[in-house]
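Coordinate inspection notes
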Amino acid sequence: MKRSLLLLSGVAFLAYANAQEKTVTWPDESTHTVKPAFTLTVQVAESVERTFSFGSYKELDFYAVDYGDGNLVLTDTIGYTTSTVTRTAVTGVATGDGVITVYAEDPSTIYYVTTSTGASTDSPVLGADFSKLNKVNTLSVANVQAATLDLTALDSLQGFTSFNGQLETLDFSNNLELKNVSVAQNKLKSINVSKNTKLTNLTAYTNELEALDLSANNALEGIYAYGNKLTSVTLPENPENLGNINLQQNELTTIDLSKLTKKLALCYFNDNKLTSLIIPAEVGTFEAENNQIAEFSVVDATKSCKLANNCMTLATLPTKPAGLNTASKIKKFTYAPQADLAVEAEYHVGDVLDLSDQLTATGILEEPATTVYTLIAEGGAAIAAEAYTVEEGKITFAQAQDVQVCVVMTNEAFPSFAGDDVFKTTTFSVVTPVGIETLSNIAATLRRYNMMGAAAGKGEKGFVIEDGRKMLLK
């Protein structure tokens, strides 16, 4: 497939080289000589259209488009002032070898070019020659099926857009005036913006990027690179202009946000593999759901804070993010459910499960609240109260259980931990150690035995069985 694309691109370059100047009569009846400004090679298909829209540096200008049959289709009047650009559109169906040639009296007058909307019904672009567009400010080329586009000659380019295509690589090293890049819905595996110090916005969602180095792009205000395969993102060295970060739906396990100082309007990290996220700046809207975050902090999240489906606990969830502390706004603090808190797979009668680090939490409250611990069997039934004791967050098991159990922790500080979204431990077994059942049958008379089954002497140290419970004497 790539071989054919390259051959077709070659057709475009050959056609451009062989294209001749032509004489055209403008609608005002003046005669002008026009020359090829750029060519586009598209896939020829009956009734499949390709639309061009132009803007000019001149106050009054016209361009002409040859869709491959030798006939020139004139644009309407194109005008330009310091504050506005008047654009005009031309639509046609490519014929012949699919080479569309755009003519202008002076190619350097072309300020703006956009070709089609990016819809899948547009005729696919197989190649292009933009080598004469050294003064173009804005270029938009939709549905590009080639692996790359050569933009080297576009010295004045400030905005580039290419949606809904098959682009695999783009290099903007020569486009030093570039400010805005929108290359969503392609197959991009690499994009070079290392020389683009004026870049303010990068939109590259739904591609195949695995790494993104933005260290040199200190003018960046927005990064929108969700829906890629990113495992590495390097933010600007001095991100004082950065206000929007959308990196959700990637494969990030870590990201360094330590240099962020300015308040962010939004910060999205949903659907990654992050285990830790430390944000030293205030954020308006923050989302990091569906990760593996165990360590988290943010200065403030003033409009919404979404942290559900991570590995945080009553002890590690943030306390009442700023602006979310009223009854009307608390619904915007989303934290439930969280992953089950991992504990041992098996405990013996007499063992202690220490969950004291979850004993208090502040959450949405003004003051800390105390956690209630309940032993629950698989299926949801509560275990009898005499089967265990709870003291300061430490659970001591008094009876073995025939089914797997877990500890459910509820706290008024986090009321959304309820129903199917309760905060609980992983399931575990509570079993009777070997020898305890026999010893407990005669506990009423002898009461205390060592692990060999012999009566424990006075002052004996180590593990003993007393009233059917194992304990350690020191």
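As the structure is a computational prediction, the values presented were derived from the model and not from experiment.

1. Notes on unusual backbone geometry
Note: most residues except glycine have negative phi, and most peptide bonds are trans. Here the residue pair Ala-336 and Pro-337 is connected by a cis peptide bond, since its omega of 5 degrees sits within 30 degrees of zero. With respect to the secondary-structure elements, Pro-337 resides in the loop between strand E25 (333–334) and strand E26 (346–348). Notably, Asn-143 is not glycine yet its phi reads approximately 55 degrees, a positive angle. Tracing the backbone through its elements, the reader meets Asn-143 in the loop between strand E12 (138–141) and strand E13 (159–161). Given the relative accessible area of 5%, Asn-143 is considered buried. Even without glycine at this site, Asp-271 takes up a positive phi of about 60 degrees. Position of Asp-271 relative to the elements: it lies in the loop between strand E22 (264–268) and strand E23 (276–287). Looking at Asp-271, the relative accessible area reads 33%, which means it is partly exposed.

2. A short note on the confidence of the model for the protein
Summing up the model confidence of the protein, the mean pLDDT is 86 and the portion of residues at 70 or higher is 82%. Low pLDDT (under 50) marks residues 1–17, which in the prediction has 23 contacts with non-local residues, meaning those over four places away or in another chain.

3. Brief notes about the pairing of E22
Across a regular strand the side chains alternate sides, sitting on one face of the sheet and then on the other. Of all 5 residues in E22, 4 are buried; the element is thus mostly enclosed. Alignment of strand E21 (residues 244–246) against E22, held across 3 bridges, turns out to be parallel. Its bridge partner being in E22, Asn-246 is matched across the sheet by Tyr-268. When E22 meets E23, the two strands line up parallel, connected through 4 bridges. Looking at E23, one finds that Tyr-268 is bridged to Glu-287.

4. Brief notes about the pattern of salt bridges
Scanning the entire structure with this criterion turns up 8 salt bridges. A salt bridge links Glu-208 to Lys-189, with the shortest nitrogen-to-oxygen separation between them at 3.0 Å. One end of the pair, Glu-208, is in the loop between strand E17 (201–203) and strand E18 (211–213); the other, Lys-189, is in the loop between strand E15 (180–182) and strand E16 (190–192), and 19 residues separate them in sequence. Under the relative-accessibility criterion, Lys-189 is labelled partly exposed at 47%.

5. Observations regarding the sheet that holds strand E31 (residues 388–391)
Here 3 strands make up an open sheet; going across it, the order is E27-E32-E31 and the pairing antiparallel. The open sheet terminates on both sides in strands that have one partner only, identified here as strand E27 (352–354) and E31. Sheet twist, expressed as the average angle between the axes of neighbouring strands with direction ignored, equals 20 degrees. In this structure, E31 lies alongside strand E32 (residues 394–397), joined through 4 bridges in antiparallel fashion. Within E32, the residue paired with Tyr-388 across the bridge is Phe-397.

What counts, and at which threshold
- Residues numbered from 1 in each chain as written.
- Predicted model: local features only at pLDDT ≥ 70, side-chain atom pairs only at ≥ 80, totals over all residues.
- Heavy atoms only, no water.
- Helix = DSSP H or I, 4+ residues; strand = E, 2+ residues; numbered from the N terminus.
- Buried < 20%, exposed > 50% of the residue type's maximum accessible area, 1.4 Å probe, protein only.
- pLDDT = per-residue confidence, 0-100.
- Contact = heavy atoms within 4.5 Å.
- Pairing = 2+ DSSP bridges.
- Salt bridge = Lys/Arg side-chain N within 4 Å of Asp/Glu carboxyl O.
- Axes fitted to C-alpha atoms, helices over the stretch in contact; angles between N-to-C directions.

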